[in-house]
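Chain by chain, the residues:
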Amino acid sequence: MLKKTKLNNNWLFSLSKSYNLNNETIDKRLKSHKVFPATIPGAIHTDLLNNKIIDDPFYSDNELRMGWIPECDWLYQTKFDFNGNMKNNVDLVFEGLDTVSEIYLNEVKLGGTDNMFVKYRYNVKNILKAKGNELKVLKIEFK
């Protein structure tokens, strides 16, 4: 029998350390690589808004000052335990990710994405641990 476990809790996000920090419009908390709570499923704009890092983009001309957001690389991460049967195949499935990203589980690169309208599936049986798994999704600005 197929068992599904959702991994949409306990996510954090931060500005990726690979991003050029010379942009003066970026909040100092982001430049220090502080992590903030994220909502999954969600989007970087709503996570920034929920954490009071940006003003409401739908108010006045606020949107004009937010062009830096899609130019940044963003790191989303969570930790989780796995209490399923490790004898069977275990797939990690993403049903929607930003267009260009890289996915890591326990520091092993699973792959990348280049289309937000397709499902991505990775067999993680040999990477998964019973305790302390770390899943990272690095959203990369398309250049």
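Residues numbered from 1 in each chain as written. Predicted model: local features only at pLDDT ≥ 70, side-chain atom pairs only at ≥ 80, totals over all residues. Heavy atoms only, no water.

Novice: Help me understand the overall build of the protein, please; the structure alone is not making it clear to me.
Specialist: Summing up its helical and strand segments, the protein has two helices and eight strands in all. Secondary structure elements of the protein, listed N to C terminal, follow the sequence β-α-β-α-β-β-β-β-β-β. Each of the three principal axes of the protein carries a C-alpha extent, and together these read 55 × 30 × 25 Å. Residue burial in the protein is summarised as follows: out of 143 residues, 38% are buried. For the protein, restricting intrachain contacts to residue pairs at least 6 apart in sequence, the fraction spanning at least 24 positions comes to 64%. (Helix = DSSP H or I, 4+ residues; strand = E, 2+ residues; numbered from the N terminus. Buried < 20%, exposed > 50% of the residue type's maximum accessible area, 1.4 Å probe, protein only. Contact = heavy atoms within 4.5 Å.)

Novice: Can you walk me through the nonpolar core in this structure?
Specialist: For soluble globular proteins, nonpolar side chains are generally found buried alongside one another. Residues Phe 13, Leu 30, Leu 48, Trp 68, Trp 74 and Phe 94 are the most contacted members of the largest nonpolar core, which totals 32 residues. Among the secondary structure elements, those contributing two or more residues to this core are strand S1 (11-15), strand S2 (36-38), helix H2 (44-50), strand S3 (74-80), strand S4 (91-94), strand S5 (101-105), strand S7 (120-123) and strand S8 (133-139). (Core = buried A, V, L, I, M, F, W, Y, C linked by side-chain atoms within 4.5 Å.)

Novice: Would you mind going over the pattern of salt bridges with me for this structure?
Specialist: Where charged atoms from two side chains of opposite charge come close, those side chains can pair. One pass over the structure, following the stated rule, counts six salt bridges. Residue Asp 61 pairs with Arg 65 through a salt bridge whose shortest N-O separation is 3.3 Å. Exposure remark for Arg 65: the relative accessible area of 47% places this residue in the partly exposed category. (Salt bridge = Lys/Arg side-chain N within 4 Å of Asp/Glu carboxyl O.)

Novice: It is not clear to me how the pairing of S3 should be interpreted in this structure. Could you clarify?
Specialist: If a strand is regular, its side chains alternate between the two faces of the sheet. Counting buried residues in S3 gives six out of seven residues, a clear majority hidden from the surface. As judged from the four bridges shared by S1 and S3, these two strands associate in the antiparallel manner. Paired with Leu 15 across the bridge in S3 is Trp 74. (Pairing = 2+ DSSP bridges.)

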